[in-house]
Amino acid sequence: MPDDRRTVLADTAIAVLADTGMRGLTHRAVDRAAGLPPGTTSAYYRTRQALLTALVRRLVVLDQTELQDIGSRTPVPRSAEELVTGIAAFLDRRLTGEGRRRSLARYACAIESVHHPELREILVPRANAGRQVVYDFLTARGIADAESRTVTLLTCVDGLVFDRLVTGGSVSDAEIHGLVAAALR
């Protein structure tokens with residue numbers, strides 16, 4: 001039961017952070033949002049830093065699970081168009097619904113990690129099946145530096161998510177085509 005409660009609190013903290021920003025992330029706000037008695041969050045996470053660390057760890061678990069799932073269900077694209085379609089679906093996931101909330105929380109935590117290196121360590125990008133699909137696609141096309149181009153392409157995709165969260169709107173297929181074309185040059 002305690003592990004389940006910790007997960008509920010971390011998930012709720014992600015939502016609170018996404019909805020109210022870093023200043024709105026408090027023990028009381030998490031208690032309220034989770035519908036739990038006052039003091040519950042602080043009983044599990046004594047300090048704000050402990051709560052933030054738990055939130056970041058949970059965020060990474062959710063993101064990695066999603067990326068593993070996407071990668072394991074996605075065959076290596078046979079064409080640039082298939083890769084564009086896959087990236088478009090991923091972007092849509094990150095810009096809508098729960099994916100949007102996690103994206104907002106992730107970027108808030110990334111900024112916070114500038115002042116808290118222990119968070120940065122948790123947020124470091126990891127290998128996953130989704131990243132592997134992009135790498136395998138570029139390798140199959142004979143790209144000599146497929147690893148660095150995979151990192152660059154995915155960093156640009158991440159930048160598009162950030163931009164659209166801040167400015168609104170969606171990502172056009174033309175933008176994704178441009179990124180994929182640059183990776184293939």
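Structure's up top.
Each value, and the rule that gives it
- Residues numbered from 1 in each chain as written.
- Predicted model: local features only at pLDDT ≥ 70, side-chain atom pairs only at ≥ 80, totals over all residues.
- Heavy atoms only, no water.
- Helix = DSSP H or I, 4+ residues; strand = E, 2+ residues; numbered from the N terminus.
- Buried < 20%, exposed > 50% of the residue type's maximum accessible area, 1.4 Å probe, protein only.
- Contact = heavy atoms within 4.5 Å.
- Areas by Shrake-Rupley, 256 points an atom, 1.4 Å probe, with all protein chains shown as cover.
- Phe/Tyr/Trp six-rings, centres within 6.5 Å; stacked < 30°, edge-to-face > 60°.
- Lys NZ or Arg CZ within 6 Å of the ring centre and 35° of its normal.
- Core = buried A, V, L, I, M, F, W, Y, C linked by side-chain atoms within 4.5 Å.
- Axes fitted to C-alpha atoms, helices over the stretch in contact; angles between N-to-C directions.
- Parallel < 35°, antiparallel > 145°, perpendicular 65-115°, else oblique.
- Nonpolar A, V, L, I, M, F, W, Y, C, P; charged D, E, K, R; others polar.
- Left-handed = near helix turned anticlockwise from the far one by under 90°.

Undergrad: Describe in detail the overall build of the protein, supporting the description with residues and values.
TA: Helix and strand content of the protein: ten helices and zero strands. Listing each helix as α and each strand as β along the protein from the N terminus yields α-α-α-α-α-α-α-α-α-α. C-alpha atoms of the protein, sized along the principal axes, occupy 55 × 30 × 30 Å. Here the protein, with 185 residues, has 41% of them falling under the buried criterion. A separation threshold of at least 6 residues defines the contact pool for the protein, and within that pool the share at least 24 residues apart is 67%. As displayed, the protein has an accessible area near 9900 Å², and 57% of this comes from carbon and sulfur atoms.

Undergrad: An account of the packing of aromatic side chains is needed here, citing residue identities and associated values.
TA: Across all of its chains, the model carries one aromatic pair by this definition. Considering the side-chain rings of Y107 and F162, the 5.1 Å spacing of their centres and the 80° angle between planes classify their relative orientation as edge-to-face. Here F162 lies in helix α9 (residues 146-167) and Y107 lies in helix α6 (residues 97-112), a separation of 55 residues in the sequence. Since its relative accessible area comes to 41%, F162 is described here as partly exposed. Above the face of the Y45 ring, R6 is positioned so that its terminal group lies 5.3 Å from the ring centre.

Undergrad: Any chance you could break down the nonpolar core for me, citing the residues and the numbers?
TA: Membership of the largest hydrophobic core comes to 24 residues, with the highest contact counts inside it found for L83, I87, L91, L138, L153, V157 and I176. Breaking this core down by element, the ones donating at least two residues are α4 (48-73), α5 (80-95), α8 (129-140), α9 and α10 (173-184). Other than its neighbours up to four places away in sequence, L91 contacts V157, L160, V161, V171 and I176. Counting 22 residues, the second largest nonpolar core, distinct from the first, contains L52, A54, L55 and V60.

Undergrad: Any details on the packing of α4 against α8? Residues and values, ideally.
TA: Close contact between α4 and α8 brings their axes to 6 Å; oriented N to C, the two are set at 45°. Put simply, α4 runs oblique to α8. Facing L67, Q68, G71 and S72 of α4, the residues of α8 in contact are A129, G130 and V133. Residues of the contact of α4 with α8, tallied by class, amount to three nonpolar, four polar and no charged.

Undergrad: Can you explain the packing of α5 against α9? Please cite residues and give values.
TA: Interhelical geometry of α5 versus α9 gives an angle of 40° and a closest axis separation of 10 Å. The angle between α5 and α9 falls in the class oblique. The two elements α5 and α9 cross, and the hand of that crossing is right-handed. Contacts between α5 and α9 pair L83, I87, F90, L91, R94 and L95 from the former with L153, V157, L160, V161, R164 and L165 from the latter. Of the residues in the contact of α5 with α9, the class split is ten nonpolar, no polar and two charged.

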